[in-house]
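Architecture at a glance
Read off the chains here:
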Amino acid sequence: EIELLINSYTTNVLSYVNFLEAVRQYSADTKLFYAASSLIFGNPSKPKQNENTIFDPKSIYSLTKYSGLKLSEYFREQYSLFISVGILYNHESHLRPVNFVSKKIVKTAVEIKNNIKNKLHIGNIDADIDWGYAGDFVEAFVKILSCEKPDNFIVSTGQTYKLKNFIIYVFSYLDLDWKKHVVIDENLLTRKSINNLCGDNKKISEITGWRPKHNLEDLAKLMVDKEIE
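Note that the coordinates shown come from a computational prediction; the quantities given were computed from them, not determined experimentally. (Residues numbered from 1 in each chain as written. Predicted model: local features only at pLDDT ≥ 70, side-chain atom pairs only at ≥ 80, totals over all residues. Heavy atoms only, no water.)

This part is about the overall build of the protein chain. Across its full length, the protein chain holds seven helices and nine strands. Taken against the 2.2 N^0.38 rule, which gives 17 Å for 229 residues, the C-alpha radius of gyration of the protein chain at 19 Å falls within 12% of a compact globule. Considered along the principal axes of its C-alpha atoms, the protein chain spans approximately 60 × 40 × 35 Å. Here the protein chain holds 229 residues, and the buried ones make up 41% of them. Here the contacts in the protein chain between residues at least 6 apart in sequence split such that 81% fall between residues at least 24 apart. A total of about 12700 Å² of accessible surface is found on the protein chain, and carbon and sulfur atoms cover 50% of it. Between the mean site of the 29 positive side-chain charges and the mean site of the 28 negative ones, the protein chain shows a separation of 2 Å. (Helix = DSSP H or I, 4+ residues; strand = E, 2+ residues; numbered from the N terminus. Rg over C-alpha atoms; globule rule 2.2 N^0.38 Å. Buried < 20%, exposed > 50% of the residue type's maximum accessible area, 1.4 Å probe, protein only. Contact = heavy atoms within 4.5 Å. Areas by Shrake-Rupley, 256 points an atom, 1.4 Å probe, with all protein chains shown as cover. Lys, Arg positive; Asp, Glu negative; His and termini not counted. Charge placed at Lys NZ, Arg CZ, Asp CG, Glu CD.)

Attention shifts here to the pattern of salt bridges. Opposite charge on two side chains makes pairing possible when the charged atoms of those side chains draw close. The final tally for this structure, using the stated rule, is 13 salt bridges. For Lys58, the salt bridge goes to Asp56, with nearest N and O atoms at 3.1 Å. Note on Lys58: relative accessible area 53%, which makes it exposed. Exposure remark for Asp56: the relative accessible area of 33% places this residue in the partly exposed category. The salt bridge partner of Lys107 is Glu111, with a shortest N-O separation of 2.7 Å. Here Lys107 pairs with Glu111, and both are found in helix H3 (residues 101–113), just four residues apart, close to one helical turn. With a relative accessible area of 29%, Lys107 lands in the partly exposed category. Relative accessible area serves as the criterion here: at 13%, Glu111 is assigned to the buried category. (Salt bridge = Lys/Arg side-chain N within 4 Å of Asp/Glu carboxyl O.)

The subject of this paragraph is the side chain of Ser37. Here Ser37 shows up in strand E1 (residues 31–37). With near-sequence residues (within four places) excluded, Ser37 lies in contact with Tyr61, Lys65, Ile87 and Leu88.

By size, the foremost hydrophobic cluster in this structure holds 26 residues, and its most contacted members are Ile105, Phe166, Ile167, Val170, Phe171 and Val182. Setting aside its immediate chain neighbours within four residues, Phe166 contacts Ser102, Ile105, Val106, Trp131, Leu216, Leu219, Ala220 and Met223. Ile40, Phe75, Val85 and Leu197 belong to the second largest nonpolar core, which has 17 residues in total. (Core = buried A, V, L, I, M, F, W, Y, C linked by side-chain atoms within 4.5 Å.)

Shown next as structure tokens:
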């Protein structure tokens, strides 16, 4: 626990302060984007979160991400720097390491298709997730930095899907029956249950015109194609 705290603090707070100080002292015209996390909302009572939702981080990671957001606001207000924050919801791509559930699902499904494995062990297929394609999110970052003024923005798809939906899309694209291969294993659940997070992306849409281009089925197909390559 202490090692996790130290690593997360070093990455998301201490290292970030060095960037902020470098901009303040040597490059005040630089535009800086900070990637925060939707986990800073903790267990929100409302079904959708926006930029005015109360922050209530419940984990070490979210605490350090919250600290990064507040540091961004401080340097923005105190030194008139262009520092914008994206409060990011799940964004997936084929570049995810295998310890991420989306990559695990895709990699295992392709291995099943190739007769290397036969089963996918998963913890909770009913988890609701607001997730999109990382490539779409990067376009949002560019639009945020192209704004006239720096600000905080929710970056999300604005809707949730069950993990089961992603599994169905992946296996169907590979012409596999997911019910024959997916094993529910509660021993794989490592995170305490939290309220489902879903971001209200109205602000970024209205100000920048950004909307995600890919839906969950698109994401599944893209990740499978890249895994096969």
